[in-house]
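Analysis of the macromolecular model
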Amino acid sequence: MLSNFFVQLMNGIALGSTYALIALGYTMVYGIILLINFAHGEIFMSGAFVGLILVTVFHVHIIIAFLGAMLFCMIMGVIIEKIAYKPLRRSTRLAALISAIGVSIFLSNLANLIFGANPTSYPPTKEILFPVKSFELFAGAQVTNLQILIIATSAILMIILQYFIKNTRIGKAMRATSQDYDTAALMGINVNKIISYTFAIGSSLAAAGGVLVGIYFGVVKYNMGTLVGLKAFTAAVLGGIGSIPGAMFGGIALGIGEMFAVAIGLSSYRDAIAFGILIIVLLVKPTGLFGTEIQKKV
Amino acid sequence: MAFLDGLLPAYYESIIITVGIYIILALGLNLITGVTGQLSLGHAAYMCIGAYTSAIVSMKLGLPFIVALLCAGIVAAIFGIFIGFPVLRLTGDYLAICTLGFGEILKSILFNMPYVGGAMGMAGIPPKTTLLNTIIIALIVIIVMVRMERSRFGRSLVAIREDEIAAECMGINAFRYKLQMFAIGTFTAGLGGALWAHKIMVLQPRDFGFMKSIEILNMVVLGGLGSIPGTILGATLLTAIPEILRFSSEYRMVIYGALLVIMMIFRPHGLMGNTDFNKLAKRTFRVFNTNNNKDKKSGMEG
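Rules behind the numbers
Residues numbered from 1 in each chain as written. Chains lettered and ligands numbered in written order. Predicted model: local features only at pLDDT ≥ 70, side-chain atom pairs only at ≥ 80, totals over all residues. Helix = DSSP H or I, 4+ residues; strand = E, 2+ residues; numbered from the N terminus. Rg over C-alpha atoms; globule rule 2.2 N^0.38 Å. Contact = placed C-beta atoms within 7 Å. Buried ≥ 20, exposed ≤ 12 C-beta atoms within 10 Å, placed from the backbone. Nonpolar A, V, L, I, M, F, W, Y, C, P; charged D, E, K, R; others polar. Pairing = 2+ DSSP bridges. Axes fitted to C-alpha atoms, helices over the stretch in contact; angles between N-to-C directions. Parallel < 35°, antiparallel > 145°, perpendicular 65-115°, else oblique. Left-handed = near helix turned anticlockwise from the far one by under 90°. Core = buried A, V, L, I, M, F, W, Y, C linked by C-beta atoms within 7 Å. Expected span 1.5 Å × (residues − 1). Arc of directions from axis to C-beta. pLDDT = per-residue confidence, 0-100.

Across its full length, chain A holds twelve helices and four strands. Taking 298 residues into account, the globule formula puts the C-alpha radius of gyration at 19 Å, and chain A, at 19 Å, falls close to it. The principal-axis extent of the C-alpha atoms belonging to chain A is close to 60 × 45 × 35 Å. Excluding contacts between residues fewer than 6 apart, the proportion of contacts in chain A whose partners are at least 24 apart in sequence is 74%.

When helices and strands are tallied, chain B shows twelve helices and zero strands. Along the first, second and third principal axes, the C-alpha set of chain B runs to 80 × 55 × 40 Å. Burial statistics for chain B: of 302 residues in total, 47% are counted as buried. Of all intrachain contacts in chain B linking residues separated by at least 6 positions in sequence, the fraction that spans at least 24 positions is 79%.

In this assembly, 34 residues from chain A lie in contact with 32 residues from chain B. Mapped onto the side of chain A that touches chain B, the elements with two or more residues apiece are α4 (93–115), α10 (224–239) and α12 (270–284) of chain A. For the side of chain A that touches chain B, the element with the most residues is α4 of chain A, which contributes twelve residues. Class assignment of the residues belonging to the side of chain A that touches chain B gives a composition of 24 nonpolar, eight polar and two charged.

All names here are of chain A. Among the five residues of strand β2 (residues 134–138), zero are classified as buried, and the element is accordingly described as predominantly exposed. Note: β2 against strand β3 (residues 141–144), four bridges, orientation antiparallel. Bridge assignment links E136 to a residue of β3, and that residue is Q142.

Even without being a glycine, L34 of chain A presents a positive backbone phi close to 55°. Positionally, L34 of chain A belongs in the loop between α1 (2–33) and α2 (40–56). Positioned with a positive phi, M201 of chain B is a non-glycine residue whose angle comes to about 70°. As for its placement among the helices and strands, M201 of chain B is situated in the loop between α8 (174–200) and α9 (210–223). A tally of 16 C-beta atoms within 10 Å means that M201 of chain B is categorised as partly exposed.

This part covers the packing of helix α2 (residues 43–60) of chain B against α8 of chain B. All names here are of chain B. Between α2 and α8, whose axes approach to 6 Å, the crossing angle comes to 55°. The angle between the axes of α2 and α8 places the two elements in the oblique class. For α2 against α8, the interelement crossing comes out right-handed. Taking contact as the criterion, the partners of H43, Y46, M47, C48, I49, G50, A51, S54 and A55 in α2 are, on α8, T186, A189, G190, L191, G192, G193, A194, W196, A197 and H198. For the contact of α2 with α8, the residue count by class is eleven nonpolar, eight polar and no charged.

Here we come to the nonpolar core. Grouped together as the largest cluster of nonpolar side chains are 192 residues, with contacts concentrated most on A23, A69, C73, A100, A207 and L278 of chain A together with A26 of chain B. The dominant element in this core, judged by the number of residues it contributes, is α1 of chain A, at 16 residues. Non-local contacts of A207 of chain A, meaning those with residues more than four positions away in its chain, are made with I43, G47, V50, A69, M70, F72 and C73 of chain A.

Further remarks concern the packing of helix α1 (residues 10–35) of chain B against α9 of chain B. Residue and element names in this part refer to chain B. One can describe the packing of α1 onto α9 by two numbers: an axis separation of 9 Å at closest approach and a directional angle of 70°. Classified by the angle between their axes, α1 and α9 sit roughly perpendicular to one another. On α9, the residues touching Y22, L25, A26, L29, N30, T33 and G34 of α1 are I216, L217, M219 and V220. Considered class by class, the residues forming the contact of α1 with α9 number eight nonpolar, three polar and no charged.

Here the focus is α9 of chain B. For α9 of chain B, spanning 14 residues, the distance from its first C-alpha to its last is 20 Å, which sits close to the expected 20 Å at 1.5 Å a residue. With 13 of 14 residues buried, α9 of chain B is to be regarded as a mostly interior element.

Right, let's talk about helix α7 (residues 169–179) of chain A for a bit. Residues and elements named next belong to chain A. All buried positions along α7 are accounted for by M174, T177 and S178. Buried residues of α7, viewed axially, fall in a sector of 95°; they line one side. In α7, the exposed positions angled more than 90 degrees off the buried face are occupied by R169 and Q179. In this structure, the buried side of α7 is in contact with α1, α6 (145–167), α8 (181–186) and α9 (191–217).

So, about the environment of A236 of chain A. Residues and elements named next belong to chain A. Inspection of the secondary structure assignment puts A236 in helix α10. Look at A236 and you get buried, because 35 C-beta atoms sit within 10 Å. Separated by 213 residues in the primary sequence, A236 and A23 place their C-alpha atoms 5.1 Å from one another. Dropping the residues within four chain positions of it, A236 is found in contact with A23, Y26, T27, I241, A247 and G250.

We now examine the environment of M28 of chain A. Residues and elements named next belong to chain A. Topologically, M28 is positioned in helix α1. A residue is classified by how many C-beta atoms lie within 10 Å of it, and M28, with 25 of them, is buried. Put simply, M28 and F130 are 102 residues apart on the chain and 34 Å apart in space, counted from C-alpha to C-alpha. Excluding anything up to four places from it in sequence, M28 contacts T198, I201 and G202.

As a further point, take the confidence of the model for chain B. Interpreting fine coordinate detail is not advised for predicted regions of low pLDDT. All names here are of chain B. Model confidence for chain B is summarised by a mean pLDDT of 84, while 91% of its residues fall at 70 or above. When pLDDT is averaged over each element of chain B, α8 comes out on top at 93 and helix α12 (residues 277–301) at the bottom at 62. Note that pLDDT drops below 50 for residues 296–302; the model gives that stretch zero contacts with residues more than four away or on any other chain. Listed scores for the predicted complex are pTM 0.83 and ipTM 0.81.

See below:
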């Protein structure tokens, strides 16, 4: 019983840490320009495919492919922002939202054209990385080295992000911009540059999540971004949108919740669980778990 | 009742019916998102409830279509109130994500419900949707929406959109109005769903996913938020464009996505933002008048 609990917990944390990586991009972009970046799920999907191409076509090492996918999506995120969101920064938020949805439809269908509608499988883990082995920690409590790798990679990326946000000049400027866009601009912060940085960081984290999901689950598909994107966004809202620790926590909580729901036999309701948790949390604490209440002024 | 049948080739008739259904659906969402400013990303869920309810009523209970239509609207509205009651207290994007979540949950529940066919769906619904009844219902919905926009109720909703706190200070019970508005919006979604069910005759939960809600939202935003003629134009265009693009079925959705971005960049307020039927009539009249004047002038010169 306890060992089963532990196994599901590890599954949940591994899945949840990929959600968390994607949720970070949603929360950072939302924190600064108040846009639900619906194209973010598609950037995650693109990251997975770029990683796959680098490994299978260019035969590079998986670590290089991982970094390559991050770089590619970093550039892609910045370009998408410049083309589709920047012209709409001063118009209604819904216009930007529809533009984001347009980008999302465009990218997922482009991937459908290029890679076809069938799932493409990643090369087996033992060829590109190492053979998957299970370690037994105590009485039946198993964890695979792949899970440890995924959790560790996500953790390292999140620690780097946390350091970047807290301790660098750009990070400071980002926090200032998310607190008050106009005042930050008045204080001499180049807001356009900060927004580009935000998209670059968020997109590269999503690409990292994409490659990790590709390795972990073994298949990638053109429409994988939509549902995972929705769930990651849910995770960001769960943790309190705009809050970086909130997104990390929300992602992992969502992953664990989903895995436990599957374990107790609700697997056919798997996708509903995430949204069920979200609605309950929002009704109890509408700002999310880590969100701060914004006082409305007349 | 059947005098419109066979007047048009079946393909065009089918497209016009689809346009009519989307006009009904989009007007419901326009009331929620455009007029009152409450972003809903789960409109397809209420369409879905309406579609399944009407299918059960007309197929399993064997009752006439008009009963099925009314039941669809009422059940969708009941769900709307049920969901709206807790959710409408939230604001902005939290509301959006809750409505989205509700849509996904509903889809999962229908997938696991053998009574309505689960993932296989529900087949054999009688084809009761005709050109005539679609047009009649669409016209009724348009008239009701126009009348409502000009009423005290409609003006209160606009006040809530512009500034909820200020509206409450003026004595508007924002929550009650929002709930009533949501019930009306979901009622129309139910009607649209019922017509849809009796047109395509097969219902599958996956048809009512997030993308369907987005499709309807696109119509409202593209047409111009809060503008009834705009919404009608948006629904017509976005139903027609995929049909026109059918020649390149492979690139269809890619082009559709790109078009959305381009249209938003060049017309961020939609094609007819802030235009209602009054302004539209005045503008047409003015064009007509100036033409007349020109004629008169040229007449005098001559």
